[in-house]
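Here are the chains, one letter per residue:
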Amino acid sequence: MKKNVLSFLLVYLVQTVIFAQSKIDSSSYPVQIFQLLTKYNWEKNYVDMQDGSILQDPAAERKTVMCLLFRKNGTGSFIQGEQASSFRFRIIDSLVTINEAIYKIDKINDYEIIFSVYAKNLDEDEKLRFHYLATKDTPSEIYLRKLIKPNVVFDSPKKDTVFLFNQEVYPKFRGNSEWLRNVSDFEQAFEDTYGVSYNYIEDEFLTHLPKNINTRFEVSFDVTTRGLVENIVITSSTNPEYNPYLIAAIQNTNRKWLPAKWKEKNYKSRIQYAFQTEKEDPKNIAYDPEIYDNFYNRAMGLMARKKYDKAVGFLTKCILMTEDSIDALYKRAECYQAAGILKYACMDWSFLSSKGLKRAEKLYWQNCKP
């Protein structure tokens, strides 16, 4: 009898301790979150949806914060490149309020934090989920390590610092706009510089090529600190006899560039483009990250200018390259919808739905079912 009573007391005591401990852990959870948030700087890793769709759109990625800082006085900073904006935050259970926005902490430890937008009027599948990595690096160190140093080369024998064409440091292209020729400086997004300069060179180059010819050319050239073009090198060519025409097309952009700037100083920049006129076999298009980004960036520029039919062509090439082009499929459906070709948009949403993507399923039911 005593043994049974003792066993009962031990079980009861263990249950009481476990219950008490769980209450302590629950009540201290905001404190634990606060301690971890303020212990590290948080470097952006990637953004996805609750249904697992990774956002591959470079423009969308650029709009997200590169680094987050939380201070012990309840203030913090969003840091994007070299730009910073301040905020105030507070923690309630697993929710973090940043200014007026509310986020739910899905996971946090000494390595990473995952949080999502907390909004009752949004379906779970439509909520963005942000993935950040813990780091001891300062924002300046992250900026240099991630966005500057990988894109810097030293030009021998001149020993010049050259920036590889990138979204942080890039020259600007005046194109055919007459009024821009008299403007000393103007705002131009990276995607616009990429798309306008690429199309300008390609349009000039293709006028010298026979129709229906299969070609691929890779070229690099420098834009100097004075906005001049130099050091044009054809790095790969399937039809060398046409190389002079490509070089001439690039030379024709001379004096149409504004030099790349960083920290109020002009720098030389190196641009690398691939021009391809092969007729792709829809059943066999090899994945090439450089060409994929080329097609995708051009499609984003065309969408911004509402040239949906041409954007569809480039997005289709992305889709044919890899089955993982989830965002390219979403964007193509968006183009079809904007162009009033709902039938094809529904086909893309239906295909994405078959992969279990709830966002696509919702779009399909909203737009395609009577």
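Higher on the page you've got the structure.
Nothing here was measured: the structure is a model prediction, and the numbers come from that model.

Visitor: Looking at this model, I keep getting lost on a nonpolar patch on the surface. Mind explaining?
Guide: Taken together, the side chains of Ile341, Tyr344 and Met347 make up a nonpolar region of the molecular surface, amounting to roughly 280 Å² of accessible area. Looking at the secondary structure, you find Met347 in helix H9 (residues 342-354).

Visitor: Can you walk me through the state of the cysteines in this structure?
Guide: Disulfide: a covalent bond formed between the sulfur atoms of two cysteine residues. For the coordinates displayed, the defined rule picks out one disulfide. Disulfide partner of Cys346: Cys368, at an S-S distance of 1.9 Å. Because the torsion about its S-S bond is -100°, the bridge between Cys346 and Cys368 counts as left-handed. Placement of Cys346 in helix H9 and of Cys368 in the segment after helix H10 (358-367) is noted, with a sequence separation of 22 residues between them. The residues Cys346 and Cys368 share a single accessibility class, namely buried.

Visitor: Quick question: what am I supposed to make of the packing of helix H4 (residues 190-206) against helix H6 (residues 289-304) here?
Guide: The description of two packed helices rests on the angle between their axes and on the distance between the axes. Contact pair H4 / H6: the axes reach a minimum separation of 9 Å and the direction vectors enclose 105°. Compared by their axis directions, H4 and H6 come out roughly perpendicular. Contacts from Phe190, Tyr194, Tyr198, Asn199 and Glu202 in H4 reach Asn294, Asn297 and Arg298 in H6. Here the contact of H4 with H6 is composed, by residue class, of three nonpolar, three polar and two charged.

Visitor: Even after reading the chapter, I still don't get the sheet that holds strand S7 (residues 112-117), so can you show me in this structure?
Guide: Strand pairs in the sheet, formed through backbone hydrogen bonds, run parallel or antiparallel to each other. Strand order in this closed barrel of eight strands is S1-S2-S3-S4-S5-S6-S7-S8, and the pairing throughout is antiparallel. Recorded for the sheet is a direction-independent mean angle of 35° between the axes of neighbouring strands. Across three bridges, the pairing between strand S1 (residues 41-49) and strand S2 (residues 67-70) is antiparallel. The residue of S2 that forms the bridge with Asn41 is Leu69. With respect to the sheet, helix H3 (residues 139-148) is in contact with S1, S2, strand S3 (75-80) and strand S8 (128-135), its orientation differing from that of S1 by roughly 55°.

Visitor: Even after reading the chapter, I still don't get the nonpolar core, so can you show me in this structure?
Guide: Where a protein is soluble and globular, its nonpolar side chains tend to be buried together. Ranked by internal contacts, the top residues of the largest apolar core, which has 29 residues, are Tyr296, Leu315, Ala328 and Leu352. Broken down by secondary-structure element, the contributors of at least two residues to this core are H6, helix H7 (308-321), helix H8 (326-338) and H9. Ala328 has contacts with Tyr292, Tyr296, Leu315, Cys318 and Ile319, leaving out every residue within four places of it along the chain. Listed in part, the 24 residues of the second largest apolar core include Phe165, Leu209, Tyr242 and Ala249.

Visitor: Can you help me understand the pairing of strand S5 (residues 95-98) in this one?
Guide: For a regular strand, the rule is simple: side chains alternate between the two faces of the sheet. Two strands pair when backbone bridges link them, and strand S4 (residues 83-92) and S5 are joined in this way by four bridges, in the antiparallel orientation. Counted as the bridge partner of Phe89 is Ile98 from S5. The turn joining S4 and S5, which pair antiparallel and follow one another in sequence, is formed by two residues; a positive phi near 55° is taken by Asp93. Of the strand pairs in this sheet, S5 and strand S6 (residues 101-108) are connected by four bridges, and their pairing is antiparallel. Each bridged residue has a counterpart across the sheet, and for Thr97 the counterpart in S6 is Ile102. Between S5 and S6, which pair antiparallel and follow one another directly, the connecting turn spans two residues, one of which, Asn99, has a positive phi of 55°.

Visitor: Mind showing me how you'd approach H9 here?
Guide: Because the α-helix completes a turn every 3.6 residues, residues three or four places apart line up on one side. The end-to-end C-alpha distance of H9, which contains 13 residues, comes to 18 Å, matching closely the 18 Å that a straight helix rising 1.5 Å per residue would cover. Every buried residue of H9 is listed here: Ala345, Cys346, Asp348, Trp349, Leu352 and Ser353. For H9, the angular spread of the buried residues around the axis is 160°, confining them to a single face. Relative to its buried face, H9 has exposed residues pointing more than 90 degrees away, namely Lys343 and Ser354. Close packing links the buried residues of H9 with H8 and H10. Count one or two residues on from H9 and you reach Gly356, which has phi positive near 85°.

Visitor: Sorry, what's going on with H8 here?
Guide: Compared with the 18 Å implied by 1.5 Å per residue over 13 residues, the 19 Å span of H8 between its first and last C-alpha is a close match. Across the 13 residues that make up H8, a large majority, ten, are buried. Burial in H8 covers these residues: Ile326, Asp327, Ala328, Leu329, Tyr330, Lys331, Arg332, Ala333, Cys335 and Tyr336. On its buried face, H8 is in contact with H6, H7, H9 and H10. Once H8 ends, the next one or two residues include Gly340, with phi positive near 80°.

Visitor: Got a minute to help me understand the packing of aromatic side chains in this structure?
Guide: Geometry of an aromatic ring pair is reported as the spacing of the ring centres plus the angle between the planes. Using the criterion set out here, one finds 33 aromatic pairs in the structure. Ring centres of Phe205 and Phe275 lie 6.4 Å apart, and the angle between their planes is 70°; on these two criteria the pair is classed as edge-to-face. Placement of the pair is Phe205 in helix H4 and Phe275 in strand S16 (residues 265-276), with a sequence separation of 70 residues. Phe275 shares its class with Phe205; the two are buried. Measuring from ring centre to ring centre gives 6.3 Å for Tyr364 and Trp365, while their planes differ by 90°; the resulting arrangement is edge-to-face. Residue classification places Trp365 among the exposed positions, given a relative accessible area of 53%. A cation over a ring is seen here: Arg359 above Tyr330, with NZ or CZ 4.1 Å from the ring centre.

Rules and cut-offs
Residues numbered from 1 in each chain as written. Predicted model: local features only at pLDDT ≥ 70, side-chain atom pairs only at ≥ 80, totals over all residues. Heavy atoms only, no water. Patch = residues over 30% accessible without salt bridge, like charges linked within 9 Å, V, L, I, M, F, W, Y side chains within 5 Å. Areas by Shrake-Rupley, 256 points an atom, 1.4 Å probe, with all protein chains shown as cover. Salt bridge = Lys/Arg side-chain N within 4 Å of Asp/Glu carboxyl O. Helix = DSSP H or I, 4+ residues; strand = E, 2+ residues; numbered from the N terminus. Disulfide = S-S within 2.5 Å. Buried < 20%, exposed > 50% of the residue type's maximum accessible area, 1.4 Å probe, protein only. Axes fitted to C-alpha atoms, helices over the stretch in contact; angles between N-to-C directions. Parallel < 35°, antiparallel > 145°, perpendicular 65-115°, else oblique. Contact = heavy atoms within 4.5 Å. Nonpolar A, V, L, I, M, F, W, Y, C, P; charged D, E, K, R; others polar. Pairing = 2+ DSSP bridges. Core = buried A, V, L, I, M, F, W, Y, C linked by side-chain atoms within 4.5 Å. Expected span 1.5 Å × (residues − 1). Arc of directions from axis to C-beta. Phe/Tyr/Trp six-rings, centres within 6.5 Å; stacked < 30°, edge-to-face > 60°. Lys NZ or Arg CZ within 6 Å of the ring centre and 35° of its normal.

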